[in-house]
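Next come the chains, spelled out residue by residue.
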Amino acid sequence: MRRALIVDDAVTVRMYHRQILEGAGFEVDEAENGVEALEKALVTSYDLLLVDVNMPKMDGYTFLKEVRGTPELRAVPAIMISTEAERRDKEQAYRAGANLYLVKPVRPEALALRATLMTARGGSR
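Residues numbered from 1 in each chain as written. Predicted model: local features only at pLDDT ≥ 70, side-chain atom pairs only at ≥ 80, totals over all residues. Heavy atoms only, no water.

Here's the deal with the pattern of salt bridges
In a structure, side chains of opposite charge can pair up when their charged atoms sit close to one another. Summed over all chains, the structure comprises 10 salt bridges. The salt bridge partner of Arg3 is Asp29, with a shortest N-O separation of 3.3 Å. Taken as a pair, Arg3 in strand 1 (residues 2–7) and Asp29 in strand 2 (residues 26–31) lie far apart in primary sequence, 26 residues in all. Look at Arg3 and you get partly exposed, because its relative accessible area is 23%. Notably, a salt bridge pairs Arg14 with Glu30, separated by 2.9 Å at the nearest N-O pair. Of the two residues, Arg14 is situated in helix 1 (residues 11–23) and Glu30 in strand 2; the sequence distance between them amounts to 16 residues. Exposure class is identical for Arg14 and Glu30. Each is buried. A network of salt bridges, in which partner residues are shared, links Arg14, Arg18, Glu22 and Glu30. (Salt bridge = Lys/Arg side-chain N within 4 Å of Asp/Glu carboxyl O. Helix = DSSP H or I, 4+ residues; strand = E, 2+ residues; numbered from the N terminus. Buried < 20%, exposed > 50% of the residue type's maximum accessible area, 1.4 Å probe, protein only.)

Looking at the confidence of the model for the protein
Here the protein averages 93 in pLDDT, and 96% of its residues register 70 or above. Mean pLDDT values over the elements of the protein span from 94, in helix 5 (residues 108–120), up to 98, in strand 2. (pLDDT = per-residue confidence, 0-100.)

Things to note about the pairing of strand 1
When strand 1 meets strand 2, the two strands line up parallel, connected through 6 bridges. Across the sheet, Val7 pairs through a bridge with Ala31, a residue of strand 2. A crossover connection joins strand 1 to the parallel strand 2 through helix 1; in handedness this β-α-β unit is right-handed. As defined by bridge partners, strand 1 adjoins strand 3 (residues 48–51) across 4 bridges and the pair is classed as parallel. Note that in strand 3 the partner of Ile6 across the bridge is Leu50. (Pairing = 2+ DSSP bridges. Right-handed = clockwise from strand over helix to strand, strands pointing away.)

A look at the sheet that holds strand 4 (residues 78–82)
Pairing is parallel across the open sheet formed by 5 strands, whose spatial order is 2-1-3-4-5. Looking along the sheet, the strands with just one partner apiece sit at the ends: strand 2 and strand 5 (100–103). Neighbour-to-neighbour, the strand axes of this sheet turn through a mean angle of 20°, independent of strand direction. Pairing between strand 4 and strand 5: 4 bridges, direction parallel. Across the sheet, Ile81 pairs through a bridge with Leu102, a residue of strand 5. (Axes fitted to C-alpha atoms, helices over the stretch in contact; angles between N-to-C directions.)

Details of helix 5
An ideal rise of 1.5 Å per residue puts 18 Å on 13 residues; helix 5 measures up with 18 Å between its terminal C-alpha atoms. Structurally, helix 5 contributes buried residues whose contacts are with strand 1, helix 1, strand 2, strand 3, strand 4 and strand 5. (Expected span 1.5 Å × (residues − 1). Contact = heavy atoms within 4.5 Å.)

What follows is the structure, given as structure tokens:
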């Protein structure tokens, strides 16, 4: 079973995304900020990271830069998902290491499809 880590400081958003990813066949873990997510990613193997931008302690950009700078995490596909919809936000996400940038709210079927495709193309560790 594919495993995903949802990183978002809003519990309702994590619950919403969990429901979508579990429906798509993922086993899901959660973290409420980048620090907690990095700790989990270093000890658990994930096939997908679903990362919010604005979070306390460590934001999504910093988290992704840390992930891409860590050899054992570098290849894990990452979707950054945010309410920030400006072009510069997307560019910053891709520079930080996101494989895909989505603007909230995301339709459940769209998120499930993209998560499935990203992990089916050999993106898992």
